Amino acid sequence: EEFMASVFPAISSGNTTRCIITSTPKGMNHFYDMWCKAIDEEVAEKDGAKNRYIKSTVIWNQVPSHTEEWAAAEREKVGDQRFRQEYECEFIGSSITLIDYRCLEKLKAMEPLKFDGSIWPENLKPITNDISMRFFKWPEKNVESRGYSYVASIDTGFGIRKDSHVLHILLAKSNIKCEQVFTMSSNTVSINDFCHIANIMLRFYQFPYLIIEYNGPGSCAYNYFFTVAQYPNIINFDNMCRGLWATPTMKSKVVVLLKMYVQRGYIQLKDKLTIMELMSFTQKTSNIWGGSGGMHDDHVTALYWAIYYLQSTFYYGNYEEIEILTEQEQLRLTDDMRAKYVDAIDYIKSPEAMQEQHKLGAMVEASN
């Protein structure tokens, strides 16, 4: 971003100046964004491309000496994922993402439902200009009689056009069958304004069980729902009634659960922004995952706490036993990741382990 900002004034000042960028893909980064906004060579030849990038690809089979036999041998050497990145110019799976690239390719965003003013809750329209709201399924009646429940998770950021506040609402038919029915986000409004709208939407979806990450700005969100809204269905994983204290250990366990849920199809994702963030959600250190290439991860971090709840001892809806490792996972996953699958399930099923982490999280927050 800084490099482009520094060189573009010089480029744009000339009448014949051109900027040529050559690269192979590496995740959904700034280059990917520029690529998506560029136009194809055929379009440029027909309609012109003034002040626009023209995109062009050269893949392995356009090189005369590269045969199918050569490609098979090269794929064997570098692996399928790296071959697709370096030789086929594919963006999906071009970085080592949490979710396997084969699964990412199958994720399809759904167009949000058209707004129907007859069911719009409580005069929302005048105060939602800076909040993006995406409905994928209207509220259903009598879900609890079928053992279903609505589950929501909220993660608030600092706003100011950086981190976003995000609210997800899922319809959980069991602990391993859930679907995204509503998502809203904003990186401009205040935490209180966002929580005010979120509270109305939560009531619209029949008061879902609500998970709030307490850390950092999350304490403001928790205080709003606890004291101002007096929301009845906050899930307190922490004995001191502080929602959910997140620690690096907890996050390292829950991202493994997220991987399991998405790759096995336990959760139906429908929101475009959530899916886009998953495509760049990569491992940054041995225990930390996040958005790469300048991409945000707020929709992902808000999502995985809902999954945490579904596998915890706090969930009381329809329950199905979970297979820790499928036959396919035994073959595809590394020894390290197979061990993490087992460890994540054992950890989240242990109230004592969870409480210990909440204590540690509170102590760290207090020391800061």
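Notes on the structure follow. (Residues numbered from 1 in each chain as written. Predicted model: local features only at pLDDT ≥ 70, side-chain atom pairs only at ≥ 80, totals over all residues. Heavy atoms only, no water.)

So, on to the nonpolar core. Counting residues in hydrophobic clusters, the biggest one holds 51 residues, and the most contacted among them are L258, V262, I267, L278 and W305. Listing elements by their share of this core, those giving two or more residues are α6 (101–106), β5 (165–174), α9 (248–264), α10 (272–278), α11 (298–310) and α13 (335–348). Every residue in contact with I267, bar those within four places of it in the chain, is listed here: L170, C178, Y261, V262, L303 and I307. Formed by 34 residues, the second largest nonpolar core is a distinct cluster that contains Y148, Y150, L171 and C195. (Core = buried A, V, L, I, M, F, W, Y, C linked by side-chain atoms within 4.5 Å. Buried < 20%, exposed > 50% of the residue type's maximum accessible area, 1.4 Å probe, protein only. Helix = DSSP H or I, 4+ residues; strand = E, 2+ residues; numbered from the N terminus. Contact = heavy atoms within 4.5 Å.)

Another point: the environment of V143. Position of V143 relative to the elements: it lies in the loop between β3 (132–135) and β4 (149–155). With 29 residues separating them in the primary sequence, V143 and A172 have C-alpha atoms 9.5 Å apart.

Right, let's talk about the environment of T247 for a bit. Checked against the element boundaries, T247 lands in the loop between α8 (218–228) and α9. Distance in space between the C-alpha atoms of T247 and N215 is 8.9 Å, their sequence separation being 32 residues.

Our next topic: unusual backbone geometry. With a phi angle near 55 degrees, N142 is a residue other than glycine that sits in the positive phi range. Residue placement: N142 occurs in the loop between β3 and β4. Residue classification places N142 among the exposed positions, given a relative accessible area of 59%.

Let us now look at the environment of N192. Within the element layout of this structure, N192 appears in helix α7 (residues 191–204). For the pair N192 and C220, spaced 28 residues apart in sequence, the C-alpha separation works out to 7.7 Å.

In terms of burial, β4 is a largely internal element, seven of the seven residues being buried. Side chains S149, V151, S153 and D155 project from β4 onto one buried face, and the interleaved Y150, A152 and I154 project onto a second face that is buried too. Note: β4 against strand β7 (residues 209–212), four bridges, orientation parallel. Along β7, the bridge assignment pairs A152 with L210. (Pairing = 2+ DSSP bridges.)

Functional significance is not addressed by these values, which are geometric in nature.
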